[in-house]
Amino acid sequence: MQRIPVVGGNWKMHLTRQEARQLTAAIRAALVDLVGVEVILFPPSPWLADVHDALEGSTIQVGAQNVYWEPQGAFTGEVAAPMLRGTVDHVLVGHSERRIVFGESVWETADKMRAVCDAGLTPLLAVGEPMADLRAGRTNDTLRRQLVEGTRGIAAMPPGLIVAYEPVWAIGTGEPATPAAAQERCAFIRSVIADRYGDEAAEAVRIQYGGSVNAQNVASFIDQPDIDGALVGGASLDAEAFAAICRAAR
Ligand code: 13P
């Protein structure tokens, strides 16, 4: 099966409204002739509608960085999945910054996954081991737990599911995993999806590598058989660098 490469730009908690509009316009212009790669921008939530509007008529998609699991209610400050419908296509769930900085448990990740699926949106599930797990040789156990518990209660693989493998120690450090190590983990992730949802699902799921990806190193990851794209943090805030990454993913 031919899996279409997919590149995500996770802007995290950066950019003013004006800067977000400018970056969107610059990325759109830089990628106007790009075919064969899916591109998803993940702006901060207050700028989602701006980015959506600025991408009208473009193939570039919009994703939310986070979501709450209840569909509505007295949850001050939270955003519900149904509210995102019509503005975003994808929702990032389980990013390590949610897990570590905000103490999000795998149960909460699973609740969010279900909320995203119930709203008819496509989840991008991020998994990855902290340095302590790597050192202790527990990486695969951690990845399996994040994948299996994080999709608890979801009987069939969500259509279009994307999984991002982001080793925590590689995020924002300038020290990416080696392409060979990333390939090994992504192949393992695919095998867990096969156990969970069957071979056909495992063939279809797209797996990204994330963690200090830049225009220079992205090709070495994308060349790996089980890596179908990249989830980019820092370098996605620079239109030229991000466009170069998207082109390299082709
Ligand atoms: P960096 O590309 O800045 O390492 O961030 C990766 C990331 O966390 C994307 O979600």
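Everything quoted here is computed from the prediction, not taken from an experiment.

A. Up close: the side chain of Glu-129. Along the chain, Glu-129 falls in the loop between strand S5 (122–127) and helix H6 (131–135). No salt bridge is formed by the buried Glu-129; the nearest opposite charge belongs to Arg-185, separated by 4.9 Å. Within polar-contact distance, the side chain of Glu-129 engages the side chain of Tyr-165 at 2.9 Å. Reaching out from Glu-129, the side chain makes a polar contact with the side chain of Trp-169 at a distance of 2.9 Å. Filtering out sequence-adjacent residues up to four positions away, Glu-129 remains in contact with Leu-134, Thr-139, Thr-142, Leu-143, Tyr-165, Glu-166, Pro-167, Val-168 and Trp-169.

B. Here's a closer look at the sheet that holds strand S2 (residues 38–42). Spatially, S1-S2-S3-S4-S5-S6-S7-S8 is the arrangement adopted by the 8 strands of the closed barrel, whose pairing is parallel. In this sheet, neighbouring strand axes are inclined to one another by 25° on average, regardless of whether the strands run parallel or antiparallel. Direction of pairing for S5 relative to strand S6 (residues 162–165): parallel, over a ladder of 4 bridges. Paired with Leu-124 across the strands is Ile-162, a residue of S6. Where helix H7 (residues 139–150) meets the sheet, it contacts S5 and S6, and its direction lies at approximately 155° from that of S5. Here helix H8 (residues 179–197) sits on the sheet and contacts S5, S6 and strand S7 (206–210); the angle it forms with S6, its principal contact strand, is near 145°.

C. Region of interest: the state of the cysteines. Evaluation of the coordinates by the stated rule reveals 0 disulfides. No disulfide involves Cys-186; its sulfur sits 18 Å from the nearest other cysteine sulfur, which is in Cys-246. On the accessibility criterion, Cys-246 (0% relative accessible area) is buried.

What counts and what doesn't
Residues numbered from 1 in each chain as written. Predicted model: local features only at pLDDT ≥ 70, side-chain atom pairs only at ≥ 80, totals over all residues. Heavy atoms only, no water. Helix = DSSP H or I, 4+ residues; strand = E, 2+ residues; numbered from the N terminus. Buried < 20%, exposed > 50% of the residue type's maximum accessible area, 1.4 Å probe, protein only. Lys, Arg positive; Asp, Glu negative; His and termini not counted. Salt bridge = Lys/Arg side-chain N within 4 Å of Asp/Glu carboxyl O. Polar contact = N/O pair within 3.5 Å; in protein donor to acceptor, adjacent residues only side chain to side chain. Contact = heavy atoms within 4.5 Å. Pairing = 2+ DSSP bridges. Axes fitted to C-alpha atoms, helices over the stretch in contact; angles between N-to-C directions. Disulfide = S-S within 2.5 Å.

That's the geometry; what it means functionally is another story.
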